[in-house]
Amino acid sequence: MPTLTIDGRQLTVPDGTTILQAALASGIEIPYYCYHPALSIAGNCRICLVEVEKFPKPVIACNTAVSEGMVVFTQSEKTKEWERAVMEFLLINHPLDCPICDQAGECKLQEYSFRHGQPTTRFQEEKSHGPKKRDLGPGVVYDWERCIKCTRCIRFCEEVTKTGELGMFLRGVHEEIGTFPGRPLDNPYSGNVVDICPVGALTWKKFRFRSRVWFLTNVPSTCAGCARGCSIDVGAFRNEVYRITPRLNQAVNRWWICDAGRDWAERLNAPPGQRLSGARFTRQDDRSPWTAAVEEAAETLASGATAGKVAVLASPRATVEELLLLSKIARGPLGGAAVYLPAHETGADDELLIRRDRAPNRRGAETVLAAVAGGARPTAELEQRLVAGEVDTLLALGPGLAGRVDDEPPVLGAEALARLRHLVVLDAFRSPLSDAATLLLPVTAWGESAGTYVNFAGRLQWAAAALAPQANCRPAFVLLGDLFGLLTGGSAPARHAVQAALSAEIPAFAAIDWDALPASSGQDLAGADAASAAPPPTGAAEKLTSLGVPAEGR
Amino acid sequence: MERTLTRNFGVENSHRLEVYRRRGGYAAIAKAFKLEPDAIIEMVKASGLRGRGGAGFSTGVKWGFMPKNPTPERPNYLVVNADESEPGTFKDRYLMELDPHLLIESCLISAWAMRVSRVFVYIRGEYVFPYRRLDDAVQEAYAAGLLGQNILKSGFSCDMLVHRGAGAYICGEETALMDSLEGGRGNPRLKPPFPAQYGVYGKPTTVNNVETLCNVPLIIERGVDWFKSIGPDERNTGPKLYCLSGHVKNPGVFELPMTTTAEELIFEHGGGMLRHGRKLKAFVPGGSSVPVLTADECVDLRMDFDSVARRGSMLGSAAAYAMDDGTDMVLVAERTAHFYAHESCGQCTPCREGTGWIEKIIARIRRGEGTEADLATIESAAGNMMNGTTICPLADAAAMPALSFVKKFRDEFLHYIRHGRSAVASL
């Protein structure tokens, strides 16, 4: 454990730590472009050159291991001069695209130019010109003029996805990032190269030129695309999702998300008719339609329960709060009705993030149902009971809670659906179930109301409300609370009461600090170790993890 | 003076094994096999042999960095740097064309000393003829049992492979060379780790220049004392090959001791200025990457590593070229800057951007559109590229000539700036 001094501050760090990592871990800023904690060290951008006592030449902080007694100066005249020089070199041929560049506002060139550069240029020549929009693949566009050749994108494809689509071509100032003939950048994680690009050279086609980044509110949330539950930032503007980017979470997704999650807005911005709007029910009077509809639903379910022919269809896309209310409705007023949980699986688990289970909360649903409603039962059994005439009334939540499901197989077969006399559906997007509903209560979709999910490895995470709800729908949590109140003769419980009940009634949730959840990296359920299921650390992070040093930076 | 390194130059069929053997070849390797490997490393250290590729680092010390106990899983490798690409340098080419077996024998002795089981020769892609000569010689040596298993029944086995480069100057830098040899893009690697720990294919590797290695049989055959007796002092020993070109009557490769002066080289061995009535104006002693010297600075300049360094330049690869007073030094500066801008690998920001910037400024001055402030910009940009701001020394190689041309031939730059045309054309 050598002790070094950076700008007069003494730090003791594990052997093998680099100057840059030691500085980052203690909040001292050393600028960097090519270094990324999840990638190997390239050492090519040269902006992290620092002065070290007794070293005759500048050293790059990213590749210099600390040694006992090392004295580093990040604010000395020499260090600042080297920073100014590298900034000047980086900018001489860099286009003044900032007014039309997607990266503007979150660009490291802008930031470091402001902090370490100079206000004027000595460059009198014609700047180098090159391709401004070259498709590297279906999602990513490359701007040669903006590229600073840090090779982060190349190293990502070699070391993280191990697909190796990108390479460096040509030489010197003509160097360019490119793909090999017949092998475009089309791996399922290609969008991450846009995030790690420190400048505006790589842009995401679906976000390109759509919004200035400073108009977006980046709401920390959790992806609903699969059982991984990646931590994300939802970039919304005027109640529309423009961009979804990964949020660093070492226990779940590290620095990455998949392209399907990145493009989740496409599943929210459904074609007309896919999004459900306006309650559909029979009783018409002069009260609010929601009051009348919920009352009718409660009466329908209660009479089904009296006849002993009611069942409940839950969803692994509902939040644990919603699922607890649903379970309590099933267990109490519905007389212990069986609760069924559909599967939403496609493809296979891959080695990085994507899970074949395309629902964000299966583990949460199974945990809640097991503790409160006698366990989650397979939908095949529900179909059998419907065909056998044992069930004629169904309360269904989902399956379209997180986005459109028109490309998914139906949860219940047409033959089984036809046997239902009463079908009460709470859902956000259209499905055969909502088409067949005798009573439809449209609910808010993912992103419009908050709640918690448990990922496949037992990580409890908060999915925030980044958008205002669409017209003519209500949060499922509110509707289920109203139903619960009507059916039990009590009142609708508040969210904190439901969360307290989860902790009190289900041992796996006993230690959860619910108030700390939003914007955090989540908490493990009792007995879970989510971090062990996160993708293996790569690059510098692999070494840092072995040293017990947090992999700071991005 | 007796020619030793070039003793077979001019002999008919000198590239053939039988001729090489008839003239005493492959005697040194037999002698070397009777010596302990470490004893050879000590001899090379004691001989004072310094690397002939440009850096002038002690060869024996470099060899000493290699692990003493290689295993089949972690063998030692020797790489011969035959990527002779520094403008003005053509000595290794002649060694490989005219005496390829000398290089093979040198590699064998060096391999024995460093416990190397495989030698890679990385030869410049444009060197088609030298490549054929050397590769034919390697096949001859294999057929004669001089390469492969149990060489000369010594129990020592060593393979040799000749690999052609693809035409990049940067691949003469030893770590870029290793990346290229492995089949990758020739980009210099970050150090540490150093080649002796992590070289070709991650194995301990020593990279030596062709001429450097060719000195090794001489040290074995004739002894350390003989080797040290050639040259001016303890730090500059052994015969040296000078590549003389430019405006001289008799350009070529000359084997001389390092006691030779620049004037002797140019006016005696080189036969003086090519064009009648012209005078020496500038002299580059060690390849295009070293600072240029004025004619005045060449007076009484001994062409050894340390004397040239004291004059503010470098012996480099001993690629000496002379320019007469009809030379437009701004044009030379531009052409030199263009070379380095063209050859920068592009990895490091200062080199990728700086080399092109300097070229563009000098080109603009030559178009008659320069200002005096441009000279300060060249000096500042070149200064910012040097002394460790980049991974490898190519940036220094581009910056040093630019700085020296602007400093020593400032008048010619100013003439372009003030009059829009060359000072030389008006002579």
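Nothing here was measured: the structure is a model prediction, and the numbers come from that model.

(A) Spatial organisation of the overall build of chain B. What chain B contains, in helices and strands, is 18 helices and 9 strands. Over its C-alpha atoms chain B spans a radius of gyration of 22 Å, differing by no more than 12% from the 22 Å that the globule rule assigns to 427 residues. If one aligns the C-alpha atoms of chain B with their principal axes, the spans along those axes are about 75 × 45 × 35 Å. Per-residue burial for chain B yields a buried fraction of 56% across its 427 residues. Across chain B, contacts joining residues at least 24 apart in sequence account for 70% of those joining residues at least 6 apart.

(B) Region of interest: the interface of chain A and chain B. Each partner contributes to the interface: chain A provides 25 residues, whereas chain B provides 27 residues. Residue contributions to the side of chain A that touches chain B peak at 6 residues, all from helix α2 (residues 77–92) of chain A. A class-by-class count of the residues in the side of chain A that touches chain B yields 13 nonpolar, 5 polar and 7 charged.

(C) Spatial organisation of the pairing of strand β12 (residues 231–237) of chain A. Residues and elements named next belong to chain A. With 6 of 7 residues buried, β12 lies mostly within the body of the structure. The sheet contact formed by strand β11 (residues 217–222) and β12 spans 6 bridges and is antiparallel. Bridge pairing in β12 places Thr222 opposite Ser231. Of the pairings in the sheet, the one linking β12 to strand β13 (residues 240–246) comprises 6 bridges and is antiparallel in character. When the bridges of β13 are listed, Gly235 appears paired with Arg243. Hairpin connection of β12 to β13: 2 residues between the antiparallel strands, including Arg238 at a positive phi of 50°.

(D) Region of the structure containing the nonpolar core. Counting 321 residues, the largest nonpolar core has Cys48(A), Val312(A), Ala314(A), Val79(B), Val80(B), Ala398(B) and Ala402(B) as its most contacted members. If we skip the residues at most four places from it in the chain, Val312(A) touches Leu326(A), Ala330(A), Leu334(A), Ala337(A), Val339(A), Tyr340(A) and Leu395(A).

(E) Representation of the domain arrangement of chain B in the model. All names here are of chain B. Annotation of chain B at the domain level lists domain 1 (17–229), domain 2 (242–324) and domain 3 (329–419). Between the C-alpha centres of domain 1 and domain 3 there is a distance of 35 Å. Across the boundary between the two partners, domain 1 contributes 10 residues, which contact 7 residues of domain 3. Here the side of domain 1 that touches domain 3 is built from residues that sort into 7 nonpolar, 2 polar and 1 charged.

(F) Geometry of the domain arrangement of chain A. For chain A, the assigned domains are domain 1 (3–92) and domain 2 (290–521). Using C-alpha coordinates to define each centre, domain 1 of chain A is positioned 52 Å away from domain 2 of chain A.

(G) Geometry of the pairing of strand β2 (residues 116–123) of chain B. Residue and element names in this part refer to chain B. Among the 8 residues that make up β2, 6 are buried, leaving the element largely enclosed by the rest of the structure. The pairing of β2 with strand β3 (residues 159–164) spans 6 bridges and is classified as parallel. Each bridged residue has a counterpart across the sheet, and for Tyr122 the counterpart in β3 is His163.

(H) Structural view of the sheet that holds strand β19 (residues 451–454) of chain A. Residues and elements named next belong to chain A. Reading across the sheet, the 3 strands line up as β19-β20-β21 and stay open at both edges, with antiparallel pairing between neighbours. Pairing within the sheet leaves two strands with one partner each, and these edge strands are β19 and β21 (523–524). Of the pairings in the sheet, the one linking β19 to strand β20 (residues 459–463) comprises 4 bridges and is antiparallel in character. Following the sheet pairing, Gly451 is matched in β20 by Ala463.

(I) Just the sheet that holds strand β6 (residues 134–135) of chain A, in detail. Residues and elements named next belong to chain A. In spatial order, the strands read β6-β7-β10; together these 3 strands make up an open sheet with antiparallel pairing. Strands at the two margins of the open sheet, each flanked by one partner only, are β6 and β10 (202–204). Both β6 and strand β7 (residues 140–142) contribute to a ladder of 2 bridges, which runs antiparallel. Bridging from a neighbouring strand, Asp135 pairs with Val141 of β7.

(J) Fine view of the packing of helix α16 (residues 372–385) of chain B against helix α17 (residues 394–408) of chain B. Residues and elements named next belong to chain B. For the pair α16 and α17, the least separation of the axes is 8 Å and the interaxial angle reads 150°. As judged from the angle between their axes, α16 and α17 are roughly antiparallel. The handedness of the crossing between α16 and α17 comes out as left-handed. Contact with α16, carried on its side by Leu375, Ile378, Glu379, Ala382 and Met385, involves Ala395, Ala398, Ala399, Ala402, Leu403 and Val406 of α17 and no other residues of that element. Taken together, the residues that form the contact of α16 with α17 break down as 10 nonpolar, no polar and 1 charged.

(K) Examining unusual backbone geometry more closely. Residues and elements named next belong to chain B. The peptide bond linking Lys191 to Pro192 adopts the cis configuration, its omega dihedral lying at -10°. Along the chain, the position of Pro192 falls in the loop between α8 (174–181) and β4 (205–209). A cis amide bond links Pro192 to the next residue, Pro193, at an omega of 0°. Locating Pro193 in the fold gives a position in the loop between α8 and β4. A positive phi angle is found at Tyr201, which is not glycine, with a value near 50°. Tracing the backbone through its elements, the reader meets Tyr201 in the loop between α8 and β4.

(L) Summary view of helix α12 (residues 262–269) of chain B. Residues and elements named next belong to chain B. Looking only at α12, the buried set comprises Ala262, Leu265 and Ile266. Relative to the axis of α12, the buried residues are bounded by an arc of 85° and lie together on one face. On its buried side, α12 packs onto β5 (239–246), β7 (280–284) and β9 (319–324). Once α12 finishes, Gly271 follows within two positions and takes phi at roughly 75°, a positive value.

(M) Structural view of the packing of helix α15 (residues 349–366) of chain B against α17(B). Residues and elements named next belong to chain B. Two numbers describe how α15 lies on α17: the axes approach to 9 Å, and their chain directions differ by 25°. Looking at the two axes, α15 sits roughly parallel to α17. Considering the relative orientation of α15 and α17, their crossing is left-handed. Between α15 and α17, the residues in contact are Pro350, Cys351, Gly354, Thr355 and Ile358 and Leu394, Ala395, Ala398 and Ala402, respectively. Taken together, the residues that form the contact of α15 with α17 break down as 7 nonpolar, 2 polar and no charged.

(N) Region of interest: the confidence of the model for chain B. For chain B, the mean per-residue pLDDT works out to 96, and 100% of the residues sit at or above 70. Here the prediction assigns the complex a pTM of 0.94, and the interface score ipTM is 0.93.

(O) Inspection of α17(B) at higher detail. Residues and elements named next belong to chain B. Its 15 residues give α17 an end-to-end C-alpha distance of 22 Å, which sits within 8% of 21 Å, the value for a rise of 1.5 Å per residue. Taken across its 15 residues, α17 has 12 buried, putting it largely inside the fold. Buried within α17 we find Leu394, Ala395, Ala397, Ala398, Ala399, Met400, Pro401, Ala402, Leu403, Ser404, Phe405 and Val406. Its buried side turned inward, α17 meets α14 (329–343), α15, α16 and α18 (410–419).

Conventions used here
- Residues numbered from 1 in each chain as written.
- Chains lettered and ligands numbered in written order.
- Predicted model: local features only at pLDDT ≥ 70, side-chain atom pairs only at ≥ 80, totals over all residues.
- Helix = DSSP H or I, 4+ residues; strand = E, 2+ residues; numbered from the N terminus.
- Rg over C-alpha atoms; globule rule 2.2 N^0.38 Å.
- Buried ≥ 20, exposed ≤ 12 C-beta atoms within 10 Å, placed from the backbone.
- Contact = placed C-beta atoms within 7 Å.
- Nonpolar A, V, L, I, M, F, W, Y, C, P; charged D, E, K, R; others polar.
- Pairing = 2+ DSSP bridges.
- Core = buried A, V, L, I, M, F, W, Y, C linked by C-beta atoms within 7 Å.
- Domains from an automatic or database assignment.
- Axes fitted to C-alpha atoms, helices over the stretch in contact; angles between N-to-C directions.
- Parallel < 35°, antiparallel > 145°, perpendicular 65-115°, else oblique.
- Left-handed = near helix turned anticlockwise from the far one by under 90°.
- Arc of directions from axis to C-beta.
- pLDDT = per-residue confidence, 0-100.
- Expected span 1.5 Å × (residues − 1).

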